Amino acid sequence: MAPLLQSRAPAMSFSSSVTSSGFQSRPFTAFPIRPRRRILTVQAKIREIFMPALSSTMTEGKIVSWIKSEGDVLSKGESVVVVESDKADMDVETFYDGILAAIVVAEGEVAPVGAPIGLLAETEADVPEAKAKAAASSSSSNPSAPPPAGPSAPSPPPVAVAAAAAAPAPPATGPRRIVVTPYAKKLAKQHKVDVNSVVGTGPFGRITAADVEAAAGIAPSKSTPAAVAAAAATAAPVVAAAAAAPKAAGATTYPEIPGSTVVAFTGMQAAVSKNMVESLSVPTFRVGYPVTTDALDALYEKVKPKGVTMTALLAKAAAMALAQHPVVNSTCKDGKSFTYNSSINIAVAVAINGGLITPVLQDADKLDLYLLSQKWKELVEKARAKQLQPHEYNSGTFTLSNLGMFGVDRFDAILPPGQGAIMAVGASKPTVVADADGFFGVKSKMLVNVTADHRVIYGADLAAFLKTFSKIVENPESLTM
């Protein structure tokens with residue numbers, strides 16, 4: 001490298017152009033200016049309509065219905081197809097003008113995110129080319145069966161492992177110690193069999209009842225414990241080998257029940273299943289708290305004619321309590337830190353046909369009760385129509401699950417991923433209680449159970465939050481302010 005650098009040194013030095021009298025004038029050779037190449041822009045004549053990612057957790061989508069048919073003229077921003085994501089059905093719009101030339105994924109079929117589901121042609125002249133492209137893609141995704149293979153070499157005969165394992169070991173030369181089970185001794189005496197001439201097949205050459213019966217030339221009358229043990233020992237390698245395959249594949253197999261029917265998960269059910277399994281990795285704990293609801297029930301009767309639901313009352317009470325205990329509204333996502341959420345977004349579990357969804361009442365602490373109730377009604381209608389937008393069901397910071405309307409007195413809820421706590425509300429029932437003076441009375445009480453992430457929320461935090469929530473419910477005047 002050194003000679004190479006030295007040879008290049010004069011070219012890199014400026015000393016050749018400087019003298020004691022100043023700068024020398026050296027002839028300047030201009031490089032010829034080459035004409036710039038024209039960049040040709042080719043307008044795409046056939047565009048693909050892709051399966052969109054409608055949420056951060058969506059990996060595939062199901063085509064619910066095509067709003068447009070093949071041959072329809074489309075305008076930019078026009079809805080083309082309805083796609084079922086993991087939580088909702090949403091209209092997918094086109095970003096270009098053109099003609100829907102071909103439908104690649106039919107209604108009811110599933111495609112991964114980013115896969116083409118349709119082809120858009122720019123003009124009618126491009127439609128045949130688009131149809132040919134769709135046919136080619138479908139044929140490549142469903143290749144025909146390969147031709148039958150030619151005659152292959154005969155497979156080697158199976159090795160008789162089981163037979164070799166079942167064969168008794170040859171008797172050792174010289175004197176040997178004979179070990180006979182008590183039941184085998186009894187059978188040998190009964191059938192007049194010399195145990196010295198019997199080769200044992202049990203562990204360490206032990207003579208079993210089956211060995212004696214075989215030597216006597218009679219069929220075993222029943223499976224003796226020793227025979228079962230010997231058979232299990234013989235079949236152990238085979239069973240172990242058979243069990244190793246599913247274990248290695250990570251699959252768990254269960255016996256099939258005759259007459260049963262297998263039903264595949266819907267997109268929503270698959271999302272719920274994934275979230276529930278993911279929540280098992282979070283260390284949680286549960287705290288229950290009895291709350292007197294007489295005053296809340298009286299307030300509900302007053303505001304019910306105005307469209308206020310009990311769910312809105314409980315959500316408002318929870319939001320007001322969370323404002324005083326922000327740690328319960330926090331989130332731990334990486335196991336190394338936690339985040340104080342600036343907004344209090346109450347997600348409320350709603351059972352719909354084919355799954356479960358949690359519409360979110362955003363900034364529930366800042367909305368008045370009547371606006372909150374109106375917002376909740378709109379969310380429920382959109383949820384049952386499967387028209388919720390992603391931010392309307394995945395932005396919750398605290399979840400409320402109420403089964404009180406079904407008469408359930410208590411239950412535990414599973415913590416949703418990405419949240420710090422979830423509240424399970426049971427039914428309000430008349431309960432006999434004693435006051436401070438020892439007099440008995442009847443009051444309506446409901447039991448509230450909260451499941452929390454123990455990495456960020458501790459027992460004292462949750463107890464203080466539930467105490468505040470109880471005070472708000474027992475004195476609900478602040479809910480209407």
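Keep in mind that what you see is a predicted model, and the values were worked out from it rather than measured.

Cut-offs and rules
Here, residues in each chain are numbered from 1, in the same order as that chain's written sequence. Selection of residues for local features in this predicted model requires a pLDDT of at least 70, selection of side-chain atom pairs for listing and counting requires 80 or more, and totals for whole chains, interfaces and linings are taken over all residues. Computation of side-chain values covers all heavy atoms of the structure but excludes hydrogens and water. Strands here mean DSSP runs of E at least two residues long; helices mean DSSP runs of H or I at least four residues long; both are numbered from the N terminus. One less than the number of residues in a helix, times 1.5 Å, gives the span that helix is expected to have. Classification of residues uses two cut-offs on accessible area relative to the type maximum, computed with a 1.4 Å probe and protein chains only: under 20% is buried, over 50% is exposed, and between them is partly exposed. By the convention used here, residues are in contact when the closest approach between their heavy atoms is within 4.5 Å. We treat two strands as partners when DSSP finds at least two bridges between them. To get an axis, fit a line to the C-alpha atoms, keeping to the stretch in contact for a helix; angles then go from 0 to 180 degrees between the N-to-C directions.

1. Description of helix 11 (residues 459–474)
Logical step 1: Along its 16 residues, helix 11 runs 22 Å from first to last C-alpha, staying within 8% of the 22 Å computed at 1.5 Å per residue.
Logical step 2: Residues of helix 11 that are buried: L462, F465, L466, T468, F469, S470, I472 and V473.
Logical step 3: Buried residues along helix 11 sit against strand 11 (284–292), helix 8 (294–303), helix 9 (310–324), strand 16 (398–402), strand 17 (421–425) and strand 19 (440–453).

2. Overview of the pairing of strand 10 (residues 116–121)
Logical step 1: Burial analysis of strand 10 places 5 of its 6 residues in the buried class, the great majority of the element.
Logical step 2: As judged from the 5 bridges shared by strand 3 (residues 46–50) and strand 10, these two strands associate in the antiparallel manner. Residue pairing across strands places F50 opposite P116, the latter belonging to strand 10.
Logical step 3: Pairing geometry for strand 8 (residues 98–103) and strand 10, over 4 bridges, is antiparallel. From the neighbouring strand, I103 faces strand 10, where its bridge partner is G118.

3. A few points about the sheet that holds strand 9 (residues 110–112)
Logical step 1: Read across the sheet, 4 strands follow the order 7-6-4-9 without closing on themselves; strand pairing throughout is antiparallel. With one partner strand each, in any of the chains shown, strand 7 (89–93) and strand 9 form the two edges of the open sheet. Shown here is a sheet whose adjacent strand axes are inclined to one another by a mean of 40°, direction ignored.
Logical step 2: As judged from the 5 bridges shared by strand 6 (residues 79–84) and strand 7, these two strands associate in the antiparallel manner. Bridge assignment links V83 to a residue of strand 7, and that residue is M90.

In short, shape yes, function no, at least from these values alone.
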